[in-house]
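Topology and contacts: notes
The primary structure of each chain is shown beneath.
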Number of protein chains: 2
Amino acid sequence: MLTQPQLDASLEEPLYRQLYLHFRDEILSGRLTRGEKIPPTRELAGQLGLNRATVASAYELLENEGLIRGHVGRGSFVDGPAASTSGPLRWADRLADPLLAEVPAPSPDGGPGSISFTSSRPADDLFPLDEFRATCAEVISGPEAAHLLQLGVPQGFEPLRAHLLAEARRDHLARPGDDIIITSGCQQALDLLQRLLTTAGDTVLVEDPIYPGLRNVFLRAGVRVVGVPIGAQGLDLDSLDRLIGRERPRLLVVTPNFQNPTGATIPLPAREALLQLTAAVGIPVIENDIYGELRYQGEPLPTLKALDSTGAVIQIRSFSKIAFPGLRVGWVLGANILIERLAELKLWTDLHSDQLSQAVLLRFAQSGRLDAHRRRMVEAGRERLRAVLAACDRHLPAGSDWTRPQGGMNLWVRLPEPLDASDLLVRALRQKVSFLPGRYFAVGRPDPGAFRLSFAGLPPDQIDQGLRILGTICEEDRVRGRDFRRDAPAPAIV
Amino acid sequence: MLTQPQLDASLEEPLYRQLYLHFRDEILSGRLTRGEKIPPTRELAGQLGLNRATVASAYELLENEGLIRGHVGRGSFVDGPAASTSGPLRWADRLADPLLAEVPAPSPDGGPGSISFTSSRPADDLFPLDEFRATCAEVISGPEAAHLLQLGVPQGFEPLRAHLLAEARRDHLARPGDDIIITSGCQQALDLLQRLLTTAGDTVLVEDPIYPGLRNVFLRAGVRVVGVPIGAQGLDLDSLDRLIGRERPRLLVVTPNFQNPTGATIPLPAREALLQLTAAVGIPVIENDIYGELRYQGEPLPTLKALDSTGAVIQIRSFSKIAFPGLRVGWVLGANILIERLAELKLWTDLHSDQLSQAVLLRFAQSGRLDAHRRRMVEAGRERLRAVLAACDRHLPAGSDWTRPQGGMNLWVRLPEPLDASDLLVRALRQKVSFLPGRYFAVGRPDPGAFRLSFAGLPPDQIDQGLRILGTICEEDRVRGRDFRRDAPAPAIV
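Within any chain, residue numbers begin from 1 and follow the written order of that chain's sequence. Labels are handed out in written order, letters beginning with A for the chains and numbers beginning with 1 for the ligands. Predicted model: local features are reported for residues with pLDDT of at least 70 only, side-chain atom pairs are reported and counted for 80 or more only, and whole-chain, interface and lining totals are derived from all residues. The side-chain numbers reported here are obtained from all heavy atoms of the structure, hydrogens and water having been left aside.

**Describing the domain arrangement of chain A**
The domain architecture assigned to chain A consists of domain 1 (15–86), domain 2 (115–120 + 371–476) and domain 3 (144–367). Either an automatic procedure or a domain database provided the assignment from which the domain bounds are taken. Look at where the C-alpha atoms of domain 1 of chain A and domain 2 of chain A centre, and you get two points 70 Å apart.

Structure follows, in structure tokens:
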């Protein structure tokens, strides 16, 4: 449908070009569609009070661009982009299928006054804001400020990398020839390692249940993820042994300290046995040690990286759980050939990680503030762990069981049948208490009675209050559950 | 070699299991290797003072696990993992093939006193350090400091995202329903878009020559990259038309403003024609506008995103060229369904981009300091562009030609035959002048005479001095080249 062109003889743009641009716009925007007839030059010139040559010049430009076409004896027609294809691009047809895995809502916290056990992250109120500010001020006033604003190298901000490597050597984590690359948190470390070490169709062994971000990194790439059951004592070694034989996995990913979501720690003999099993078949092990420094009870255990004698263990760590998760700084420690290849991959992925945060975290560590903060975090974590274990004892229904972590941020609860953690959540949210049901963490069949309690972000009184609410709901559910089961066989009332 | 088992009858573990565990450990650790003979039950029982049945039970367990095997009449032998696999892990066998593409050394700059035309990045001496420091100080002392230290959302730091979206709407870049996601620079934007929009075997059209980081994002993923020739007037549209028809590409990636490495800008009519060509076949266009704000001459042109009426254009931008490349903050503007899916992908890739830098850059923009800095950058760029064009005129050998950019950081030089840019570089490095030869940027056949001059990082006097050195070497080479060609047909002296 032709709309009336708005022409203005006082403009610098000549009238024929104004007319041409009007038609062009109409055609490209789809308001005039392919096949539509446009008025003969004589007719349009008459309508618009223009010289016929002006209209003809405009039509000529349009024809040169392929936007209109003249047919002898029939007049001119729109011949631009076909209506069907020049319409809006249908993005839905262009995008690969979304992940099959269910994604937890980023923040199911219920607003002010709510008690959230949903997120495995440090509490805002424990952030040492004054020390962070002092650290930043030192970094930006220092001589390296200009350097850190300039483009860097994929391996990471060199002073931080040197610091972390010196620490890893001091702690006998680094083997001769090992190296470090800085990543944007452990999540990126996992993503880069997935891309480097696996291809679609490979099989990877992980703990079941597992942090969804670890599982999904592999699933998204078409890698088969097979779960090794994990209990209070960490990975089940008999299952691991059997699955290594049966599945011929490409690698094993394991969190020996305070695993997310179970909080379980693998005891020393099992760590050694695990390394024997993987060394026997020569597969690499990714050791996710993101929670390793948050031990509240018992003696620290040597990491897999420290125990390994074959060079097969890749350790990933981060500042996110001990310091500031909003600053995305983690790292990978491993054989130098591996780190070199990760650096090449990182170059094409995002050039390098942000240098301001790397410099701030280095200064935070070197000034002794990180150690002081870690001591406070461990102290607070110990208190909160004690509180959550006591509250579970006090409030959860008989027949529940839960892990008894020695550190970290999470514990894993299993309610007695027929209680269902997803049902519990629906009712808990009405009372402003939230947590993540076990299904988010499942690799194989989810346990409907299981859920994760992330306790590190809450003060002890809120932990107790939250669990009291959960306990009360469970008690009600349990009573109704019994009633339901008793009533179930009765015929429906019609 | 069999070591003496340490058995202890007082332990709870029965002796046969102790013996079994001893052998298992010896085999898995590689101390007993495949093919080694183990003692007959009778003999070992006698040695250890055990009942023969105890030894037989231990052997049975080992045999069940495939660790030993009996041969009738010959005894039992270790049959576990081959000795070779329990040694050091051979990483080289485990890593996928490296990229075929050649990677420029991260910093071929020749140390103090050198003149580097190698890097398309802003000059350190133009960084407004005091303003950066003031901005940081404001951010860290502000009320949002605790918020930005906490875990964020994959879409980006919300105040920055809102700011960028408001700007995009003000500038008529954002269509109704468009949205923005913050990425760790443009490089990550490209990486995420590659993962979302293409799979191995797809074809993508890019300019030839092109920034290697853009080409390699796709090559690394097994995507076919086909080059569309680009000259001083930007993309060659006839080639684009032909390649769209022939290659059925999945998408087109294009840098309409001050392209890297050529510095070329696509004129307005060609932008419109380009969009017609892609709209006619309904393929998405990624518009890399990283240099768009660095225009030193002429009037700004509407971007493809502004001209697009179909929603098919995805625009990526960044603070890296205009402000601080060490802070990794870029963004993608596009249809909201696309941005949603990018956010999901980013969640599993690195959770979210660093929030300290996002907050600092937002404050830098909102305080007006970014605008002031941009004006200074444009002023300095104009001066440097003038200097590099004049120096090319003055020093490059007759028969050279080069692009005449209106902005950005790069121009593209082609030396007359038989001069070779790689040879020139070898000799230039001895005189502490560096640049990147054309082969790094090639998609198809490299032009041996071409190279990139990144002029934005150097003051005018160094630009002139560097080109004088290059010109002198060329002159020498050209003379020798003529000699060589004249001598070439002569028979070898035997």
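After presenting the structure, the write-up continues.
**Here we look at the packing of helix α10 (residues 237–247) of chain B against helix α11 (residues 268–281) of chain B**
All names here are of chain B. The axes used here are C-alpha line fits, helices contributing only the stretch in contact, and every angle between their N-to-C directions lies in the interval 0 to 180 degrees. To qualify as a helix, a DSSP run of H or I must reach at least 4 residues; to qualify as a strand, a run of E must reach at least 2; elements of each kind are numbered from the N terminus. It is at 11 Å that the axes of α10 and α11 come closest, and there the two elements cross at 5°. When the axes of α10 and α11 are compared, the pair comes out roughly parallel. Within the contact between the two elements, α10 uses L237, L240, D241 and I244 and α11 uses A270, A273, L274, L277, T278 and V281. Split into classes, the residues belonging to the contact of α10 with α11 amount to 8 nonpolar, 1 polar and 1 charged. Geometric relationships in this document are graded by angle, where less than 35 degrees denotes roughly parallel, more than 145 denotes roughly antiparallel, 65 to 115 denotes roughly perpendicular, and other angles denote oblique. When checking whether two residues touch, look at their non-hydrogen atoms; a contact exists if any pair is within 4.5 Å. Polar here means any residue outside two lists: the nonpolar Ala, Val, Leu, Ile, Met, Phe, Trp, Tyr, Cys and Pro, and the charged Asp, Glu, Lys and Arg; Gly therefore counts as polar.

**Topic: the pattern of salt bridges**
Residues and elements named next belong to chain A. A carboxyl oxygen of Asp or Glu within 4 Å of a side-chain nitrogen of Lys or Arg is what we treat as a salt bridge. On inspection of all chains with the given rule, the structure shows 52 salt bridges over all chains. We note a salt bridge from R394 to D464, for which the minimum N-O separation is 2.4 Å. With R394 in helix α16 (residues 369–395) and D464 in helix α18 (residues 460–487), this residue pair connects regions lying 70 residues apart in the sequence. Only protein chains enter the area calculation, which uses a 1.4 Å probe; residues under 20% of their type maximum are buried, those over 50% are exposed, and those in between are partly exposed. Judged by its relative accessible area of 18%, D464 is buried.

**Digging into the state of the cysteines**
Disulfides are defined in this document as cysteine sulfur pairs within 2.5 Å. The tally for this structure, following the rule as stated, stands at 0 disulfides over all chains. The structure places no disulfide on C136(B), whose sulfur is separated from the nearest cysteine sulfur, that of C136(A), by 6.3 Å. C392(B) forms no disulfide, and the closest cysteine sulfur to it belongs to C474(B), at a distance of 11 Å. Taking relative accessible area as the criterion, C392(B) reaches 0% and is therefore assigned buried.

**Quick word on the interface of chain A and chain B**
On the chain B side, the residues contacting the 92 residues of chain A number 93 residues. The largest per-residue losses of area from chain A upon contact with chain B belong to W91(A), L149(A) and W348(A), which jointly make up 12% of the total buried on that side. There are 4 salt bridges connecting chain A and chain B. One salt bridge connects D241(A) with R24(B), and the closest N-O pair in it is separated by 3.1 Å. Two N or O atoms count as a polar contact when they lie within 3.5 Å, although within protein this holds only if one can serve as hydrogen donor and the other as acceptor, and sequence-adjacent residues are included solely when both atoms are side-chain atoms. Counting across the chain A and chain B interface gives 28 residue pairs in polar contact (both at pLDDT 80 or more). A per-class count over the side of chain A that touches chain B returns 51 nonpolar, 23 polar and 18 charged. As used here, buried area is the combined drop in accessible area, with a 1.4 Å probe, of two parts when they are placed together.

**Quick word on the sheet that holds strand β11 (residues 313–318) of chain B**
All names here are of chain B. In spatial order, the strands read β5-β12-β11-β10-β9-β6-β7-β8; together these 8 strands make up an open sheet with mixed pairing. What marks the edges here is a single partner per strand, and that holds for β5 (178–183) and β8 (234–235). Two strands are counted as paired when DSSP detects at least two bridges linking them. In this sheet, strand β12 (residues 330–335) lies alongside β11 in antiparallel orientation, the contact comprising 4 bridges. By the bridge assignment for β12, R317 is matched with W331. Strand contacts of helix α8 (residues 185–197): β5, β9 (251–254), β10 (285–288), β11 and β12, with the helix running at about 155° to β11, the strand carrying the most contacts. Running at roughly 165° to strand β7 (residues 224–231), α10 makes contact with β6 (203–208), β7, β8 and β9 of the sheet.

**Overview of helix α9 (residues 185–197) of chain A**
Over its 13 residues, α9(A) runs 19 Å from end to end, which matches the ideal 18 Å to within 8%, given 1.5 Å per residue. α9(A) sits mainly inside the fold: 13 of its 13 residues count as buried. Helix span, expected: 1.5 Å multiplied by one less than the number of residues in the helix.

**Re the packing of aromatic side chains**
Here a Phe, Tyr or Trp ring, Trp counted by its six-membered ring, pairs with any other such ring whose centre lies within 6.5 Å, and the pair is stacked when the planes are under 30 degrees apart, edge-to-face when over 60, and tilted otherwise. One pass over the full model with this rule turns up 14 aromatic pairs over all chains. Seen in terms of ring centroids, F435(A) and F451(A) are 4.5 Å apart; in terms of plane orientation they differ by 40°. Their pairing is tilted. Placement of F435(A) in the loop between β15 (433–434) and β16 (436–437) and of F451(A) in strand β17 (residues 450–454) is noted, with a sequence separation of 16 residues between them. Like F435(A), the residue F451(A) is buried in the burial classification. Ring centres of F23(B) and Y59(B) lie 5.7 Å apart, and the angle between their planes is 90°; this geometry places the pair in the edge-to-face category. With F23(B) in helix α1 (residues 15–28) and Y59(B) in helix α3 (residues 52–64), this residue pair connects regions lying 36 residues apart in the sequence. On the basis of relative accessibility, which here comes to 1%, the residue F23(B) falls in the buried class. Using a relative accessible area of 6% as the deciding quantity, one classes Y59(B) as buried. Aromatic ring contacts, followed pair by pair, group F127(A), F132(A), F324(A) and F364(A) into a single cluster. Two limits define a charge over a ring: the Lys NZ or Arg CZ must be within 6 Å of the ring centre, and within 35 degrees of the ring normal. Across the ring face of Y440(A), the terminal group of R439(A) is positioned such that the distance to the ring centre comes to 4.9 Å.

**Notes on the pairing of strand β14 (residues 410–414) of chain B**
Residue and element names in this part refer to chain B. With 4 of 5 residues buried, β14 lies mostly within the body of the structure. With 2 bridges connecting them, strand β13 (residues 401–402) and β14 associate as antiparallel partners. What sits directly across from D401, in β14, is R414. The pairing of β14 with strand β17 (residues 450–454) spans 5 bridges and is classified as antiparallel. Bridged to R414 within β17 is A450.

**Section: the pairing of strand β5 (residues 178–183) of chain A**
Residues and elements named next belong to chain A. Summarising burial for β5: 5 of the 6 residues are buried, a large majority. By the bridge criterion, 6 bridges tie β5 to strand β12 (residues 330–335) in an arrangement that is antiparallel. Counterpart to I181 in the pairing with β12 is V332.

**Quick notes on the environment of V378(B)**
Residue and element names in this part refer to chain B. Secondary-structure assignment places V378 in helix α15 (residues 369–395). For V378, a relative accessible area of 12% puts it in the buried group. Remark: the alpha-carbon pair of V378 and I322, spanning 56 residues in sequence, is separated by 9.0 Å. The residues contacting V378, other than those within four sequence positions of it, are E293, R295 and Y296.

**Re the nonpolar core**
The biggest cluster of nonpolar side chains holds 206 residues, and the ones touching the most others in it are L356(A), L453(A), L467(A), L356(B), L453(B) and L467(B). Among residues more than four places away in sequence, those in contact with L453(A) are F117(A), V388(A), C392(A), M409(A), N410(A), L411(A), V413(A), L467(A) and L470(A). One finds V228(A), I244(A), I27(B) and I38(B) within the second-largest nonpolar core, a separate group that totals 37 residues. Side-chain atoms within 4.5 Å are what join buried Ala, Val, Leu, Ile, Met, Phe, Trp, Tyr and Cys residues into a set we call a nonpolar core.

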